[in-house]
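Below are the chains, spelled out letter by letter.
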Amino acid sequence: MSTQPDRFYPLAIAATALTVYSTSLGGNLVFDDVAAIQENRDVRPSSSLLNLFLNDFWGTPLQKEQSHKSYRPFTVFTFRLNYAVHGLQPLGYHVINVLLHALVCVLYYRLCFLFLPRVVSFVAAILFSVHPIHTEAVAGVVGRAELLSAVFFLSALSHYVRLIQRQKHVGWRCCIETAALAVCGTLCKEQCLTVLVVCAVYDLLSMKVSNLTHLRQCVPLDRGLMSLWIRKSVARIGFLGLTALLMIGIRFNLMGPHLPLFNRFDNPASVSPFPTRHLTFSYVLSVNAWLLLFPCDLCCDWTMGTIALITSVGDPRNISTLCLCVVLVILLRSSWLSEDSQRVPLFMALFLSTVTFLPASNLLFYVGFVIAERVLYLPSMGFCMLVAIGWAHLWQDRRLKGLALVGFILLVIAHGTKTAVRNREWASDETLFSSGLRVNQKNAKLHNNLGKVLEKQAQYEEALQYFQQAIRIQPDDIRGYLNSGWLFTLMKKYQEAELVYLKLYQEAIKLRSDYTGAYVNRGDFLMKINRTKEAEAMYEQALQFDTHNPDLYHNLGVLLMDQNKNQEALTMFNRALEIDPDHEQALVSSAILIQESDMALHHKKLASERLQKIVDGGKQNELIYFNLGMLALENKDTRGAEQWLKKALQIRPNLRSALFNLALLLSEDGRPLEAFVYSKRLLQIQPDHVKGLILMGDIYAGHFEDLGAAEECYKKILQSDPANIQGLHNLCVVYYRRQQLVEAEACFQQAHLKSPDTEYIRQHLEITRHQLQQLAARDEKKDPLKNINVARDPALLQQISPSPTIR
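Residues numbered from 1 in each chain as written. Predicted model: local features only at pLDDT ≥ 70, side-chain atom pairs only at ≥ 80, totals over all residues. Heavy atoms only, no water.

### Quick notes on the confidence of the model for the chain
Across the chain, the average pLDDT comes to 84, with 88% of residues at 70 or higher. Long-range and interchain partners of residues 209-226, a stretch whose pLDDT sits below 50, account for eleven contacts in this model, where long-range means more than four residues apart. For the stretch residues 784-807, pLDDT sits under 50, and the model shows 72 contacts to residues farther than four places along the chain or on other chains. (pLDDT = per-residue confidence, 0-100. Contact = heavy atoms within 4.5 Å.)

Below, the structure written as structure tokens:
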């Protein structure tokens with residue numbers, strides 16, 4: 001019976017965590033997930049594993065000035081494993097995050113049980129499992145860094161505490177094992193390094209009073225004696241401290257000569273003078289504490305103007321900073337004066353809350369955010385322990401026991417409901433940024449982000465309103481102007497776009513000559529308005545500062561392709577694919593270039609392989625299917641071509657080029673009834689489709705022997721295009737097959753005058769004239785044109801190719 005709680009509590013905790021966070025499983029890759037996973041080349045199996053240890057979390061080399069210097073190779077490796085199994089399908093990424101959170105909750109319960117009674121530990125773990133502040137860490141895939149580091153953090157701390165409590169194997173082996181776990185956690189996220197500090201704090205707290213008394217009674221002048229426990233404790237703490245310093249030294253060495261650079265919008269207080277900087281940073285601490293205490297208004301981004309700077313001591317917000325200081329002092333005093341059995345748990349809870357938050361506090365060094373809810377994942381462990389200890393005091397009072405139970409249940413329900421709702425807000429960029437603006441309406445970044453989402457949905461007017469609001473809120477941020485300029489371009493308001501881009505391009509280059517984004521945006525705009533030479537110059541200038549940007553090489557390839565410099569264009573596309581073998585636009589553009597040009601057969605095979613790679617990655621696109629069909633036709637693979645063209649039509653039933661080529665393929669394959677169906681669909685969509693009318697006339701005349709319907713098709717062509725030789729010639733054939741030889745001769749004569757160099761028209765004209773000359777001999781029944789049927793112009797056999805995809 002005694003083992004039942006040991007099994008029940010962890011299972012109940014894990015089940016609670018899984019249930020609450022199951023609502024996050026339907027989410028997409030959103031916000032930072034796109035940069036960390038979708039656009040991160042290190043996640044692709046084609047990238048060297050060594051790059052995980054040379055690049056930052058976002059795939060940028062650590063030595064580069066533009067790097068954010070966040071070093072989390074183990075986390076990126078788990079993304080890479082996800083990608084190897086299911087590509088960019090988001091479900092697998094979310095499943096791993098939810099499972100990791102459940103594991104962390106169980107490990108946290110095990111840690112609490114080292115200090116607290118079983119029921120109190122259970123309360124702390126349940127509160128931790130449902131706390132809404134964790135939604136960013138769990139529902140956002142990049143939050144896996146927090147989850148993985150928490151696993152190693154809890155494993156290291158539990159291992160160290162357990163051995164210290166047993167007073168066994170607490171020598172070098174204990175330190176080495178703890179340090180190894182801490183190093184692994186630090187390679188998931190830097191915050192895990194603080195576990196060494198927490199372990200050292202616990203070692204100090206665990207010194208027995210008798211040992212301290214003995215230490216005071218020692219006579220250092222004689223032999224400098226210390227108790228064995230104290231000597232080992234000091235040695236352990238020294239080892240942990242040296243490990244931490246070594247890790248910090250290696251970390252700085254990896255970063256190279258440049259410290260991370262954050263602009264004034266990411267963390268405005270960091271570039272502010274005294275006392276604004278100190279007052280604001282102190283106030284932000286109280287805001288973080290409030291989010292833990294009352295997680296009602298949560299937001300994915302707290303940068304820019306979300307929290308206004310505190311410029312004077314008289315700002316009323318300083319009261320909240322003062323309140324936080326008073327609460328901390330009271331908690332420290334209460335912990336110190338409490339009984340021995342409660343002193344260690346209280347101090348551990350306080351240090352778990354504060355020490356783990358130090359790297360994100362701006363007190364030791366500046367970070368690239370004002371508030372980030374996911375960094376509260378570890379600090380919330382100490383907070384939940386404090387709440388559980390306070391709850392235990394109510395639970396022990398018989399008069400308040402019922403109140404404690406009801407309060408606990410209501411809090412779990414409230415937090416669980418809030419978390420479930422918040423998870424759904426992380427389902428897409430639109431829902432995420434919309435929810436953020438309901439909390440922080442003064443955040444220009446959120447307005448820009450939501451505007452970009454609406455732009456992708458072609459809701460240009462609505463998107464423009466958000467961009468303009470971002471400019472009004474933050475007039476000195478160029479992102480709003482850049483977004484507005486690009487949107488004006490899409491709306492074909494080129495004059496407005498030119499004014500915006502030219503001004504911003506000049507300003508951006510003045511501030512920073514290697515600002516690649518300025519060159520790229522300027523080049524994209526110039527390419528859009530067909531000023532290709534200027535656009536090419538912009539991209540080439542950008543390549544001087546960023547030689548590992550596949551988008552630049554792709555866009556240069558598109559420009560070269562437009563200038564019929566096919567070989568140079570293919571070289572650029574190949575260069576983009578060398579950097580990012582999964583670069584979708586380069587794969588498509590290079591395949592279309594190969595298909596449309598007269599390149600060798602091995603290139604045609606390469607084009608097919610590149611398009612197939614996109615399909616194998618889970619992409620469903622009608623143009624990709626169509627081009628695979630065209631390549632299959634060139635390789636005489638009619639069955640494969642038919643399958644690809646039908647797949648294209650399943651996605652886009654009105655794709656005219658696919659309808660025509662599929663009808664032509666079926667007609668040539670001796671399946672006129674099927675060809676007729678697709679031809680009719682094509683002409684319903686575009687009644688004057690010339691090639692479709694010719695093909696339909698061919699089917700009527702050649703397969704159904706319906707010369708009247710064929711004649712209508714050809715005459716319809718000539719009504720819209722009197723100079724169409726193909727339609728005119730086939731109409732002549734219809735006259736001949738009806739034995740209207742006079743009309744046929746006149747028709748062939750007209751066609752020959754319009755196209756004197758077409759040999760088969762000349763031959764048919766001669767045959768018709770010869771037939772007229774034989775009319776006197778009525779007993780002659782042989783029909784010289786019996787095997788002519790409906791002749792096809794060679795142009796009919798030419799395949800239609802779509803225009804190249806331009807970024």
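Picking up where we left off.
### Points about the layout of surface pockets
Approximately 1000 Å³ is the volume found for the second largest pocket. Lining the second largest pocket we find 39 residues, and of these Leu285, Asn288, Ala289, Trp290 and Leu324 sit closest to its centre. Breaking the lining of the second largest pocket down by element, the ones donating at least two residues are helix 13 (276-293), helix 14 (318-337), helix 15 (340-355) and helix 16 (379-396). In the lining of the second largest pocket, the residues fall into 28 nonpolar, ten polar and one charged. (1 Å grid on protein atoms, 1.4 Å probe; cavity = no way out; pocket = protein on both sides within 12 Å on 5 of 7 lines; lining within 4 Å. Points joined across faces, edges and corners; volume = space filled by probe spheres on them. Helix = DSSP H or I, 4+ residues; strand = E, 2+ residues; numbered from the N terminus. Nonpolar A, V, L, I, M, F, W, Y, C, P; charged D, E, K, R; others polar.)

### A look at the packing of helix 10 (residues 195-205) against helix 15
At a minimum axis distance of 10 Å, the contact between helix 10 and helix 15 shows a crossing angle of 160°. For the element pair helix 10 / helix 15, the angle class is roughly antiparallel. Helix 10 and helix 15 meet at a crossing whose hand is right-handed. The segment helix 10 lies against helix 15, with Val197, Val198, Val201, Tyr202 and Leu205 engaging Val344, Phe347, Met348, Phe351, Leu352 and Val355. (Axes fitted to C-alpha atoms, helices over the stretch in contact; angles between N-to-C directions. Parallel < 35°, antiparallel > 145°, perpendicular 65-115°, else oblique. Left-handed = near helix turned anticlockwise from the far one by under 90°.)

### Digging into the state of the cysteines
For the coordinates displayed, the defined rule picks out one disulfide. Covalently, Cys732 is tied to Cys747 through a disulfide, its sulfur atoms 1.9 Å apart. Residues Cys732 and Cys747 are joined through a disulfide that is left-handed, its torsion about the S-S bond being -80°. You can see Cys732 sitting in helix 35 (residues 725-737) and its partner Cys747 sitting in helix 36 (residues 741-754), a full 15 residues away along the chain. The buried category is assigned to Cys732, whose relative accessible area is 0%. Residue classification places Cys747 among the buried residues on the basis of a relative accessible area of 5%. (Disulfide = S-S within 2.5 Å. Buried < 20%, exposed > 50% of the residue type's maximum accessible area, 1.4 Å probe, protein only.)

### Comments concerning the packing of aromatic side chains
Counted by the stated rule, this structure contains 21 aromatic pairs. Here the aromatic rings of Phe57 and Phe79 are separated by 6.1 Å at their centres, their planes lie at 45°, and the arrangement is tilted. Pair noted here: Phe57 is in the loop between helix 3 (51-54) and helix 4 (73-86) and Phe79 is in helix 4, with a separation of 22 residues, a long-range link. One aromatic cluster is present, built from ring pairs that chain together Phe8, Tyr9, Tyr109, Phe113 and Phe122. Its guanidinium or amino end placed over the ring of Trp395, Lys401 lies 4.7 Å from that ring's centre, counting from NZ or CZ. (Phe/Tyr/Trp six-rings, centres within 6.5 Å; stacked < 30°, edge-to-face > 60°. Lys NZ or Arg CZ within 6 Å of the ring centre and 35° of its normal.)

### Brief notes about unusual backbone geometry
With an omega of 0°, the peptide bond between Phe274 and Pro275 qualifies as cis. Locating Pro275 in the fold gives a position in the loop between helix 12 (228-255) and helix 13. The backbone of Phe31 shows a phi angle near 50°, a positive value even though the residue is not glycine. Mapped onto the secondary structure, Phe31 falls in the loop between helix 1 (3-21) and helix 2 (32-38).

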